[in-house]
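# Survey of secondary and tertiary structure
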Amino acid sequence: MSAATATIAPAALLSRSSSLLASTAAVRLRSSRRCFRVLPIRASSPSERPFEVCVKASITVPNRLGDCPFSQRVLLTLEEKRLSYDMILVDLGNKPEWFLQISPDGKVPLIKFDEKWIADSDIITKSLEEKYPVPSLETPPEKASAGSKIFSTFIGFLKSKDPNDGTEQALLDELTSFNEYLKDNGPFVNGDSISAADLSLGPKLYHMEIALGHYKNWSVPESLTYVRNYMKSIFSMDSFVKTRALPEDVIAGWRPKVISATI
């Protein structure tokens, strides 16, 4: 999904497009939500109706997708399964009333699935896999946990102000373990094919690379060749490029956690 709309009150929708020719889009006003819906050319093999997906809006650039890795996971799943969808970009700093009515806890992602709004990226991606099993993105249970602790250790290191508290080493340990896993099982979590585990881990590694590079001047050691190649492969996927957040949004999104750690 290409980067799209941001905070046009109360939200804006952008359909997935097989073209960057925004001039072909037709714009109309939907009075029920008072939002603009942009309808460019649809991708091939659409579902019967486009899914509506509530995701975080950019806080740095108007009309762009924001920095939620869990939202990107859902969009990646839709992209890889070739399912049409409309993004509803929600300003999480000023949540509109209609959004709180369908998401009382005010969280994204949220998808309208069989006329019901479903939250939680785990539940959403599982539901999509069950209803649209081709192409399969299923990860074998024995492989699903590969790299699963990297994100939490990254956050611990990002928030740390003590270079001797072990948080950096904890992250290095998890990355080293994942490097060994990929060496024996890669190039992806499930071997040669992309699976749900990669679509979950990829956005988190993207956030790790940008946030630690900015706030810690830190990057994945060159010795972890398999992890670095994995990240390069995931980040260069067409579906990933279309659905990734802007680096400045990732930096801004993590800033509150970095600042709160200093208080």
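In case you missed it, the structure is sitting above this.
First, a word on what this report is: a plain description of the structure on this page.

About the cut-offs
Residues numbered from 1 in each chain as written. Predicted model: local features only at pLDDT ≥ 70, side-chain atom pairs only at ≥ 80, totals over all residues. Heavy atoms only, no water. Helix = DSSP H or I, 4+ residues; strand = E, 2+ residues; numbered from the N terminus. Expected span 1.5 Å × (residues − 1). Buried < 20%, exposed > 50% of the residue type's maximum accessible area, 1.4 Å probe, protein only. Contact = heavy atoms within 4.5 Å. Pairing = 2+ DSSP bridges. Axes fitted to C-alpha atoms, helices over the stretch in contact; angles between N-to-C directions. Parallel < 35°, antiparallel > 145°, perpendicular 65-115°, else oblique. Left-handed = near helix turned anticlockwise from the far one by under 90°. Nonpolar A, V, L, I, M, F, W, Y, C, P; charged D, E, K, R; others polar. Right-handed = clockwise from strand over helix to strand, strands pointing away. Core = buried A, V, L, I, M, F, W, Y, C linked by side-chain atoms within 4.5 Å. Phe/Tyr/Trp six-rings, centres within 6.5 Å; stacked < 30°, edge-to-face > 60°. Lys NZ or Arg CZ within 6 Å of the ring centre and 35° of its normal.

### Concerning helix α5 (residues 167-185)
With 19 residues, α5 should cover 27 Å at 1.5 Å per step; its first-to-last C-alpha distance of 27 Å lies within 8% of that length. For α5, the full list of buried residues reads Thr 167, Leu 171, Leu 172, Leu 175, Phe 178, Asn 179, Tyr 181 and Leu 182. Close packing links the buried residues of α5 with α4 (150-159), α6 (196-215) and α7 (225-235).

### Things to note about the pairing of strand β7 (residues 116-119)
Taken together, the 4 bridges between strand β6 (residues 110-113) and β7 define a ladder with antiparallel strand orientation. Looking at β7, one finds that Phe 113 is bridged to Lys 116. The hairpin turn running from β6 into β7, its antiparallel successor, is 2 residues long, and Asp 114 in that turn takes a positive phi close to 50°.

### Focus: the packing of α4 against α6
One way to put it is that α4 packs onto α6 with a least axis distance of 10 Å and a crossing angle of 15°. With respect to α6, the axis of α4 lies roughly parallel. Seen along the crossing, α4 lies across α6 with a hand that is left-handed. Contact residues: Ile 150, Phe 151, Phe 154, Phe 157 and Leu 158 in α4; Lys 204, Leu 205, His 207, Met 208, Ala 211, Leu 212 and Tyr 215 in α6. Here the contact of α4 with α6 is built from residues that sort into 10 nonpolar, 1 polar and 1 charged.

### Overview of the pairing of strand β4 (residues 51-56)
Summarising burial for β4: 6 of the 6 residues are buried, a large majority. Residues of β4 alternate between two faces, with Phe 51, Val 53 and Val 55 on one and Glu 52, Cys 54 and Lys 56 on the opposite face, all of them buried. Sheet topology note: the β4/strand β5 (residues 85-90) ladder contains 6 bridges and is parallel. Bridging across to β5, Phe 51 finds its partner in Tyr 85. With helix α1 (residues 69-80) bridging β4 and its parallel neighbour β5, the resulting β-α-β unit is right-handed. Where β4 meets β6, 2 bridges bridge the pair, whose relative direction is antiparallel. Each bridged residue has a counterpart across the sheet, and for Cys 54 the counterpart in β6 is Leu 110.

### Points about unusual backbone geometry
Cis peptide bonds are those with omega within 30 degrees of zero, and the linkage from Val 134 to Pro 135 qualifies with -5°. Looking at where Pro 135 falls in the secondary structure, it is placed in the loop between α3 (121-131) and α4. Here the amide bond leading from Gly 186 into Pro 187 is cis, since omega sits at 15°, within 30 degrees of zero. Topologically, Pro 187 is positioned in the loop between α5 and α6. Look at Glu 115: it is not a glycine, yet its phi comes out positive at around 70°. Assessed through its relative accessible area of 51%, Glu 115 is described here as exposed.

### Describing the packing of α4 against α5
Two elements in contact, α4 and α5, have axes separated by 8 Å at closest approach and are oriented at 155°. The pairing of α4 with α5 is recorded here as roughly antiparallel in orientation. Considering how the two elements wind past one another, α4 and α5 form a crossing that is left-handed. Together, Ile 150, Thr 153, Phe 154, Gly 156 and Phe 157 of α4 and Thr 167, Glu 168, Ala 170, Leu 171, Glu 174, Leu 175 and Phe 178 of α5 make up the contact between the two elements.

### Some words on the nonpolar core
Grouped together as the largest cluster of nonpolar side chains are 41 residues, with contacts concentrated most on Phe 154, Leu 171, Leu 175, Phe 178, Met 208 and Tyr 230. Broken down by element, the residue count for this core peaks at 9 residues, all from α6. Apart from residues lying up to four places away in sequence, Leu 171 is in contact with Ile 150, Thr 153, Phe 154, Phe 157, Met 208, Leu 212 and Trp 218. Counting 18 residues, the second largest nonpolar core, distinct from the first, contains Leu 65, Leu 89, Phe 113 and Tyr 132.

### Topic: the packing of aromatic side chains
As enumerated under the stated definition, the model contains 14 aromatic pairs in all. Note on Trp 98 and Phe 99: the rings are 6.0 Å apart at their centroids and 80° apart in plane angle, and the pair reads as edge-to-face. Residue classification places Trp 98 among the buried residues on the basis of a relative accessible area of 15%. Relative to Trp 254, the ring of Phe 151 has its centre 6.1 Å away and its plane inclined at 70°; by these criteria the two rings are edge-to-face. In this pair, Phe 151 is assigned in helix α4 and Trp 254 in helix α9 (residues 247-260), connecting sequence segments 103 residues apart. Lying across the ring of Phe 113, Lys 131 places its NZ or CZ 5.4 Å from the centre.

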